[in-house]
Amino acid sequence: MPAVQIPDIPRFNTALSEWLSCTIYVVMLRKRNTKLPLPLICAVSLAAQSVWLILTDAVPLLFWIPCMAAATFLMYLYIGSCCQLSGRDAAYFTIRAFVLAEMMASLEWQLVCYFIPDTGTHIAGQILLLVVVYGSLATAIYLMEKRQLPAKMRLDITWSELISALIIGIAIFGVSNISYVFEKTPFSARYPADILLIRTLVDIGGFAILYTHYVVGCQYRTWREVEALKSVLQNQYVQYRLSRESISLINQKYHDLKHQIQALRAENDPERKNAYLDEMEEGLKNYEAQFKTGNVVLDTILTSKALYCQKHSITFTCVVDGSLVGRMDVMDLSSVFGNALDNAIEYERRIPDKDKRLLHVTVSRQKNFVLCCFENYYEGNEDLVFEDGLPKTTKPDTDYHGYGLKSIRQVADKYAGSATVRTDNHWFELRVLLPVQNVAAENA
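For clarity, every value in this text was computed on a predicted model and none was experimentally measured.

Rules of the game
Residue positions within a chain follow its written sequence, with the count starting from 1. A pLDDT threshold of at least 70 governs which residues receive local features in this predicted model, and a stricter bar of 80 or more applies before side-chain atom pairs are shown or counted, although totals over entire chains, interfaces and linings include all residues. Only hydrogens and water are set aside; all other atoms, that is, all heavy atoms of the structure, feed into the side-chain values. Each helix corresponds to a stretch of at least 4 residues labelled H or I by DSSP, and each strand to a stretch of at least 2 residues labelled E; elements are numbered beginning at the N terminus. Type-normalised accessible area, obtained with a 1.4 Å probe on protein chains alone, sets the label of each residue: buried when under 20%, exposed when over 50%, and partly exposed for intermediate values. Two residues qualify as a contact provided that any one of their heavy atoms is within 4.5 Å of a heavy atom in the partner residue. Computed with a 1.4 Å probe, the accessible areas rest on the Shrake-Rupley method; for each residue, only the protein chains presented here act as cover. Note on definitions: angles span 0 to 180 degrees between N-to-C directions of axes, and those axes are lines fitted to C-alpha atoms, for helices only across the stretch in contact. Angular relationships are summarised with four words: roughly parallel below 35 degrees, roughly antiparallel beyond 145, roughly perpendicular across 65 to 115, and oblique for the angles in between. Left-handed describes a crossing whose near helix is turned anticlockwise from the far helix through less than a right angle; right-handed describes the clockwise counterpart. Each polar contact in these results corresponds to two N or O atoms within 3.5 Å; when the atoms are within protein, one needs to be able to donate a hydrogen and the other to accept it, and residues that are neighboring in sequence are counted only if both atoms are side-chain atoms. Salt-bridge detection follows one rule: a side-chain nitrogen of Lys or Arg within 4 Å of a carboxyl oxygen of Asp or Glu. Buried Ala, Val, Leu, Ile, Met, Phe, Trp, Tyr and Cys residues that are joined via side-chain atoms within 4.5 Å together make up what is termed a nonpolar core. Pairing of aromatic rings covers Phe, Tyr and Trp, the last through its six-membered ring, and needs centres within 6.5 Å; plane angles under 30 degrees mean stacked, over 60 mean edge-to-face, and all others mean tilted. The rule for a charge over a ring is simple: NZ of Lys or CZ of Arg within 6 Å of the ring centre, and within 35 degrees of the ring normal.

Undergrad: Would you mind going over the overall build of the protein chain with me for this structure?
TA: Looking only at helices and strands, the protein chain has 12 helices and 7 strands in total. Looking at the 444 residues of the protein chain, the share that counts as buried comes to 44%. Residue pairs at least 24 apart in sequence account for 74% of intrachain contacts in the protein chain once pairs closer than 6 positions are excluded. Carbon together with sulfur atoms contributes 60% to the accessible area of the protein chain, which is approximately 24100 Å² in total.

Undergrad: It is not clear to me how the packing of helix α1 (residues 11-28) against helix α2 (residues 38-55) should be interpreted in this structure. Could you clarify?
TA: A pair of packed helices can be characterised by two numbers: the angle between their axes and the separation between those axes. Packing of α1 against α2 leaves a shortest axis separation of 8 Å and a crossing angle of 150°. Judged on the interaxial angle alone, α2 and α1 are roughly antiparallel. Once α1 is placed against α2, the crossing between them reads as right-handed. In contact with R11, F12, T14, A15, L16, E18, W19 and V26 of α1, α2 contributes L38, C42, S45, L46, Q49, S50, L53 and I54.

Undergrad: Can you help me understand the side chain of T200 in this one?
TA: Mapped onto the fold, T200 is located in helix α7 (residues 192-265). Note on T200: relative accessible area 4%, which makes it buried. Of note is the side chain of T200, whose polar atom sits 3.1 Å from the side chain of Q110. The contact partners of T200, leaving out residues within four places of it in the chain, are S106, L107 and Q110.

Undergrad: What is the right way to read the environment of D299 from this model?
TA: Considering the arrangement of structural elements, one finds D299 in helix α9 (residues 296-311). With 23 residues separating them in the primary sequence, D299 and G322 have C-alpha atoms 8.3 Å apart.

Undergrad: Is there a simple way to explain the environment of T158 in this structure?
TA: Mapped onto the fold, T158 is located in the loop between α5 (123-148) and α6 (159-181). With 69 residues separating them in the primary sequence, T158 and D89 have C-alpha atoms 8.6 Å apart. Engagement of the side chain of T158 in a polar contact is seen with the side chain of S160, the distance being 3.1 Å.

Undergrad: It is not clear to me how the pattern of salt bridges should be interpreted in this structure. Could you clarify?
TA: If the charged atoms of two oppositely charged side chains come close together, the side chains can form a pair. Counted according to the given criterion, the structure contains 8 salt bridges. Two residues, D203 and R199, come together in a salt bridge whose shortest N-O distance is 3.8 Å. One end of the pair, D203, and the other, R199, are both in helix α7, 4 residues apart, so they sit about a helical turn from each other. The pair formed by D203 and R199 is uniform in burial state, with each residue classed as buried. In this structure, E429 and R422 form a salt bridge, with 2.8 Å as the shortest nitrogen-oxygen distance. For R422, a relative accessible area of 46% translates into the label partly exposed. Taken together, the salt bridges that share partners define one network made up of E102, R199 and D203.

Undergrad: Sorry if this is basic, but what is going on with the nonpolar core here?
TA: Within soluble globular proteins, side chains that are nonpolar tend to cluster in buried spots. Counting 56 residues, the largest nonpolar core has Y78, F93, Y134, L155 and Y214 as the members making the most contacts within it. Of all elements in the fold, only α1, α2, α3 (64-82), α4 (87-115), α5, α6 and α7 reach the threshold of two or more residues within this core. When residues of this core are assigned to their parent elements, the largest contribution, 15 residues, is made by α4. Residues within four places of Y214 in sequence aside, it is in contact with Y92, R96, E145, Q148, L149 and L155. F291, L298, C372 and L430 belong to the second largest nonpolar core, which has 44 residues in total.

Undergrad: What exactly am I supposed to notice about the packing of aromatic side chains here?
TA: Tallying each qualifying case throughout the model produces 11 aromatic pairs. When the ring of Y114 is compared with that of F115, the centres are 5.1 Å apart and the planes differ by 90°; the resulting orientation is edge-to-face. Summarising the burial analysis for this pair, Y114 and F115 share the class exposed. Three or more aromatic residues joined by ring pairs form one cluster here, namely Y25, Y92 and F93. Its guanidinium or amino end placed over the ring of Y214, R96 lies 4.4 Å from that ring's centre, counting from NZ or CZ.

Undergrad: Explain unusual backbone geometry here, please?
TA: Notably, S313 is not glycine yet its phi reads approximately 55°, a positive angle. Mapped onto the secondary structure, S313 falls in the loop between α9 and β1 (315-320). Unusually for a residue other than glycine, A416 sits at a positive phi of about 60°.

Below you can see the structure in the form of C-alpha cells.
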C-alpha cells in the first residue's frame, strides 16, 4: 500500500499561527506607551512574519533552524514592542507563544488533511477550517491564560523559570520536528501522515506541559505574595502589642516618678533643686501617652511612633478622630497605620536636614467616607516608579520589600475602599478612603 503523501504546512498558515499566538498575549497584557497605534504594529508584525517565512520556504536544511530562530525573534519583538514587560517576561511569553503556534498550525493542518485529503481543491473549505480552528483555539487559550494572569499583568519571571521554559520549548520543537530532519532514528517516522500526527500530538502535549509550568508559577507567586502580606500584617500586630506594653510601662514609670517628685518638693530643698526637679518633670512628660484619639489602638500606635520620631528628630503632628475607624479590626488598623507610618519614618530618616523631617497624619470624615491621610516631606530627587497606582520599592531586594503599601491596599479593598499615592510640591501623600458605614463606630 503506497504511503499517504501529505504536503507541508503552508508557510502563511505557520506565519498566521505565530502572529495570532503572540496577539493573544498582546491583547491580554498591559500595553506599552508607543507613538505608533497598536493596530499598525499588529499589521506590520503580521506582514513581517509572513514575508520572512514565505521567503525562507526553500532554504537548505542547514539554514532551517537559524531561519526559525529569526522568526521566533520577530515574535519576541512583536510582544516586547506592544507590552509593558521586562525582557525575561517577554522572552517567556515568546516561548509559550511559539509552542502554541506550532500546536495551532499542526492541529489545523492535521484536520485539513483528514477532511480534505486533496489539499489542492476545496480552497474555501480550507479557509473556513483555518478560521474555525484558529479562532476557537485562540479564544479558548485566551480565556485559560487570562484566568491565571496576576492582576499586575506581568509575571516577574526569574532566570531559572525562563531557562526551564526554554529547555521545555526546545525539547518540544526538537521532538516534534525530528522526523523532518533525521529519517533514520528510533524516534523518526517514515510516512508523511505519521510525521504530521507525531508532530501534532507532541505539540499538544508540549503546550499542556508549558501551560502547567505557567499555572504552577502563577500560583507560587500568588502564594508567596499572600505569605509576605500575612507576615507584614502579623509583624505590625506584634509591634502594636509590644508598643502597648511598652507605653503602659512608661506611663506607670511616669506616675511613680511624679509622686517621687511631689515628695521631694515637700521638703525644704534649695530653689535650684526645685528648678531642676521642674525640668525633670517636664522632660518626663514626653514619655506619657500623648494621643487621646478616642481609639485605644490608634493611641498606642501613634504614641509609639511619636516617641520614635522624637528620638530621630522628626516633627510628627496629627489630627485624628479615632472613633471614625472604631469598627475596623485591630490587625487591619495596625496594618494600615503601622505600615504607612513606618514607610514615612524610614524615608524621613534619610533626609540630611532635620528641619525638613516632617510627618503629618489626619483622620477625618469627608461626606460618606473616612479619609486617612499620611503626608511626609519628599525631597523629590528620587524618581518613583508607579505600578498599579502604588510606587515600587526602591530597595534592591524586591522579593521581600514593597509589601507594606500592598498590605494597606488589601485592607482598603476589604472595606470596599481605596488606597492611592501621589507626590505634589515636595510632599508624599498616601490617602486611604473608606466608606463610613464599614469602619466608623455607631456614635461617631
